[in-house]
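Notes for the structure review
The primary structure of each chain is shown beneath.
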Amino acid sequence: MSETSPLTPGPIGSDHPASDRSWRIWTSVFIAGFVLVSLVIGFVILPWRSESGVDPFTAICRALGLPGSEKIPPDPGAAKASAPASNVTWTIETNRLLSNASAAKGTALAKDTCGACHGEDGKSTDPEQFPNLAGQSQAAIFKELADFQSGDRKSDIMAPIAQALTREQMADVAAYYAAQKPDDLRAADSAVMLKVDLLAREGDPKRGIPSCDSCHGPSRSGPEDAPLLLGQSAPYIEKQIGNFGSQTRHNDVFERMRTIAHQLTPEEAHALAIYYHGMPASN
Amino acid sequence: MTYRADRLILAHFGVAFAAFALAILLGAWQMTVRSGLEPAFTSPEAYFASVTAHGTIMGYVMPTLFIMGFGYFVSVTTLDRPLPSLRLAWAGFWLVIVGVAMALPAVFSGKATVLYTFYPPLTGSVFYYLGLVLVVVGSWFWVGLMIWAMAGWKKDNPGKPVPLAMYGNVANAFLWLWTTVGVAVELLFQVIPASLGWTQTIDIGLARTLFAWTLHPIVYFWLLPAYIVFYTIAPRAAGGRLYSDMMGRLSFLLLVLYSLPVGMHHLFMDPEHGTGFKFLQMMLTVLVTVPTLLTIFTIGASMEIAGRLRGGKGLFGWIGALPWDRPMVLATCLSFVLLGFGGFGGIINMSYGMNAMIHNTSWVTAHFHLIYGGTVVIMYFAIAYEFWPKLVGREPLSLKPIRLQLWMWAIGMVVTTFPWHILGLEGQPRRVATFDYTNPMIAHWQNWTIVSMIGGYILLTSGLLFVWNLLTLYRGAEADRQMHYAVAVYPPHRVPSALNGFDLCNGLVLFLMLMAYGYPVAQFFFIKDYPALVHRVDLGN
Ligand SMILES: [Cu+2]
């Protein structure tokens, strides 16, 4: 790296400490210089040139990644969006509440209150109106109850019931229903067209619709609160898709479901509902 | 050569290659799963346990043990003095063994299916992480012994140049010490507390940064023995001399400098860092081409000297005159060719813009298999073929199966990784167990996956042939146990202290690491961020 270094073959080095010193100096100068040039390009020239109308100081802050200096323009809909879709957040406290919940403690509540509609074993007495809860994810049941309580999800029946519950009770009863055994079903892929099957399993990248299964499928790899869909009645699912599409229901965080449901055709919503209604797994 | 440490070195090599044989078996099985040909084999849980074991062995166990053994061999043979402490060397070895015995059962029982890169918040059994910590701590014994050995020699030989192979060896020891800081901090302060249930959240931005600190230079740690051998053994094996001793020293020094402050090129798509530091680390990554090109030039020149000494004439005639029947010469050439392909892919990866095309696709897997398998491991084979006869005092029965093995490995590497490059460009994600090839959109991926599976079986065959070749050695004729290294055209009498020790090197690394990682790591302590919830695979949540 040093100009003084003999890069041609030959007896190298010498007995002079001066040679050592020049190695030291020139290597350090080269490396420090290279770093300096890279810093100037990376922190000043590139950010400044690629973002017009920004003073150098802001440009440097952005290149550093300092919060508050992002180039996201102020969102005109920010005021509207600032009203959260749901008050439930998946913090440590919420998770601890759910993992400390007791299905046994939830039993009495399920029998006395919920069972009349949703069934003591989680199999709904009228699945077209009241969803099946057996085997539903605990997080999803808890989140819906909390949304009914806060009014983020509207229901004349559920609101007063949820308002009478503590957060611990909601977690307990959610744990109870999550532990109930659902019917043994699989998606009704033979009842719908391949296009719908693909929509459920792969989504439609052209319309920016992710696959339903990526959040609602058995792996539940999406948001914590995404419910399992398999086994709900087709009319119930279709109605909820419709409600999201028309913004009547709006407790989906980040408007995820409203955005998707808005794009689905009525035929697709209908077919997807049949798909997730399911069929006996043994068939 | 009066001093030996044969049992110690054979123990390291033996365990390294036994683990290696297991890992290539797993690799071939993984390709079978991904090919979708045998759906009965297909279970994501088993697949990820296998990938974790494969990566853990190939990333941490095999190369670490191999390089430790290699270092002991180089130290004893070049310095012609005993190791400073054989007892500490054995202690380091046994720490690694205990670590492996802790980590692998945790993986195979499905309690640590977190992959060897263990990006949190996914967290597995604490035994997996503690085992790896022991592997690293054991290797630190080796680091200490190598530095100690060189210091002792220098004290007794003031002003003399440290033998080139030993200089490279100690460069690798310092490189490893710097490299392991990142992962050690991540494991001890973040992952292990989470895996013990002491913490429920983990700052994944910090964890990924610390791991990137380690993940790039670890590859150079694996690579350095290959480079050392290019300079100090290959020219002699070809029947010539090393073109320049100075180039070797310079390359080793630069490899240490430019492999460390660059790991953020693994995080180009990550949100936790500003663009400025990503750019800086990209620029520093580019510099790593300098020692590589120096090496290709110097070794090319050394080979030309050898070819001409053997009567090769004309512009290219010397190439044909090289002794291609010698495994070391053949392996060096194959390693260079595969380094060319792997290096080309690497330039795409480290380019801030182009990285986005191939991020998290099979392309990346293809790249690091080419560099690791193609450039590094093929040289480990050549080193084993070179050292083993010296260690056991036996000549190989025949060079034919050795050459066959090296060719099969190189071809297998190409057949395995070229399809991955293509699939990566088509968007096939990495770290995925199975694909639904009935989906017309990705149906044609299956053909390429099957090709790479065939490559996997070629590699498996070659790897088993390698083990066989080592075993048949014991039936060979008595061999010369003296190790000879390549002599430079102009052997150095004195070299600048910067190229005879590591004071300047370590000072510069400290400076570069502070510039490259100082703020990016510090920001996690003053910018409010949102830690992720720990997910424990061993508890099933
Ligand atoms: Cu890298």
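The structure reproduced in this document is the subject of the present report. Being a predicted model, the structure only gives us computed values, none of them experimental. (Residues numbered from 1 in each chain as written. Chains lettered and ligands numbered in written order. Predicted model: local features only at pLDDT ≥ 70, side-chain atom pairs only at ≥ 80, totals over all residues. Heavy atoms only, no water.)

Next up on the list: the nonpolar core. Membership of the largest hydrophobic core comes to 187 residues, with the highest contact counts inside it found for Phe66, Tyr72, Phe118, Tyr128 and Trp142 of chain B. When residues in this core are grouped by element, the largest group, 17 residues, is from helix H15 (residues 362-392) of chain B. Setting aside residues up to four positions removed in sequence, Trp142 of chain B forms contacts with Ile67, Met68, Gly71, Tyr72, Asn169, Asn172, Ala173, Trp176 and Phe221 of chain B. Core analysis: the next-biggest nonpolar cluster, separate from the first, contains 25 residues, Leu109, Ala139, Ala162 and Val173 of chain A among them. (Core = buried A, V, L, I, M, F, W, Y, C linked by side-chain atoms within 4.5 Å. Buried < 20%, exposed > 50% of the residue type's maximum accessible area, 1.4 Å probe, protein only. Helix = DSSP H or I, 4+ residues; strand = E, 2+ residues; numbered from the N terminus. Contact = heavy atoms within 4.5 Å.)

Residue and element names in this part refer to chain B. Looking at the copper ion, one finds its protein donor set to be His216 (ND1), His265 (NE2) and His266 (NE2), positioned 2.0 to 2.1 Å from the metal centre. All donor residues of the copper ion come from one chain, and their arrangement in sequence is H-x48-H-H. Here His216 is found in the loop between helix H6 (204-215) and helix H7 (217-232), whereas its partner His265 is found in the loop between helix H9 (245-259) and helix H10 (275-286), with 49 residues between them in sequence. Classification of His216 by relative accessible area gives buried; the value is 11%. (Donors = N, O, S within 2.8 Å, 3.2 Å for Na, K, Ca; no water.)

Quick look at the interface of chain B and chain A now. Of the residues lining the interface, 39 residues belong to chain B; the matching set on chain A comes to 40 residues. The interface formed by chain B and chain A includes 2 salt bridges. The salt bridge involving Asp20 of chain A is made with Arg494 of chain B; its shortest N-O contact spans 3.0 Å. Here chain B and chain A share 8 residue pairs in polar contact (both at pLDDT 80 or more) between them. Those elements giving two or more residues to the side of chain B that touches chain A turn out to be H9, H10 and helix H18 (503-526) of chain B. Considering only residue class, the side of chain B that touches chain A consists of 28 nonpolar, 8 polar and 3 charged. (Salt bridge = Lys/Arg side-chain N within 4 Å of Asp/Glu carboxyl O. Polar contact = N/O pair within 3.5 Å; in protein donor to acceptor, adjacent residues only side chain to side chain. Nonpolar A, V, L, I, M, F, W, Y, C, P; charged D, E, K, R; others polar.)

All names here are of chain B. Under the counting rule described, the total for this entry stands at 4 cavities of 30 Å³ or more. The volume enclosed by the largest cavity comes to roughly 700 Å³. In this structure, the largest cavity is lined by 33 residues; those nearest its centre are Gln30, His54, Thr365, Phe368 and His369. At the level of elements, helix H1 (6-35), helix H2 (44-79), H15, helix H16 (400-425) and helix H17 (445-472) are the ones that each hand at least two residues to the lining of the largest cavity. Per-class residue counts for the lining of the largest cavity are 18 nonpolar, 12 polar and 3 charged. Its boundaries defined by the atoms lining it, the second largest cavity holds a volume of some 90 Å³. Forming the boundary of the second largest cavity are Tyr60, Thr64, Phe118, Leu132, Val135, Val136, Trp176, Thr180, Val183, Leu187, Thr214 and Ile218. (1 Å grid on protein atoms, 1.4 Å probe; cavity = no way out; pocket = protein on both sides within 12 Å on 5 of 7 lines; lining within 4 Å. Points joined across faces, edges and corners; volume = space filled by probe spheres on them.)

As a further point, take the packing of helix H4 (residues 92-100) of chain A against helix H6 (residues 138-150) of chain A. All names here are of chain A. The interhelical angle for the contact between H4 and H6, taken along N-to-C directions, is 115 degrees, at an axis separation of 11 Å. Compared by their axis directions, H4 and H6 come out roughly perpendicular. Like other packed secondary-structure pairs, H4 and H6 cross with a definite hand, here right-handed. Along the contact surface, H4 presents Thr94, Leu97 and Leu98, while H6 presents Gln138, Ala139 and Phe142. Class assignment of the residues belonging to the contact of H4 with H6 gives a composition of 4 nonpolar, 2 polar and no charged. (Axes fitted to C-alpha atoms, helices over the stretch in contact; angles between N-to-C directions. Parallel < 35°, antiparallel > 145°, perpendicular 65-115°, else oblique. Left-handed = near helix turned anticlockwise from the far one by under 90°.)

A few words on H7 of chain B. Residues and elements named next belong to chain B. Its 16 residues give H7 an end-to-end C-alpha distance of 22 Å, which sits within 8% of 22 Å, the value for a rise of 1.5 Å per residue. A maximum bend of about 35 degrees is found in H7 at Leu223, where proline Pro225 lies one to four positions downstream. Of all 16 residues making up H7, 15 are buried, and the element is well covered by its neighbours. (Expected span 1.5 Å × (residues − 1). Bend = angle between axes of the 7 residues up to and from the residue.)

Glancing now at the side chain of Thr179 of chain B. Residues and elements named next belong to chain B. Within the secondary structure, Thr179 sits in helix H5 (residues 164-195). For Thr179, the side chain forms a polar contact with the main-chain oxygen of Leu175, separated by 2.6 Å. Look past the residues within four positions of Thr179 in its chain and what remains in contact with it is Trp213, Thr214, Pro217, Ile218 and Leu260.

With that out of the way, let us pick up the packing of H5 of chain B against H7 of chain B. Residue and element names in this part refer to chain B. Put simply, H5 and H7 touch, their axes get as near as 9 Å, and they point 180 degrees apart. One finds that H5 runs roughly antiparallel with respect to H7. Contacts between H5 and H7 pair Leu164, Ala165, Gly168, Asn169, Ala171, Asn172, Leu175, Trp176 and Thr179 from the former with Pro217, Ile218, Tyr220, Phe221, Leu224, Pro225, Ile228, Tyr231 and Thr232 from the latter. The residue makeup of the contact of H5 with H7, split by class, is 13 nonpolar, 5 polar and no charged.

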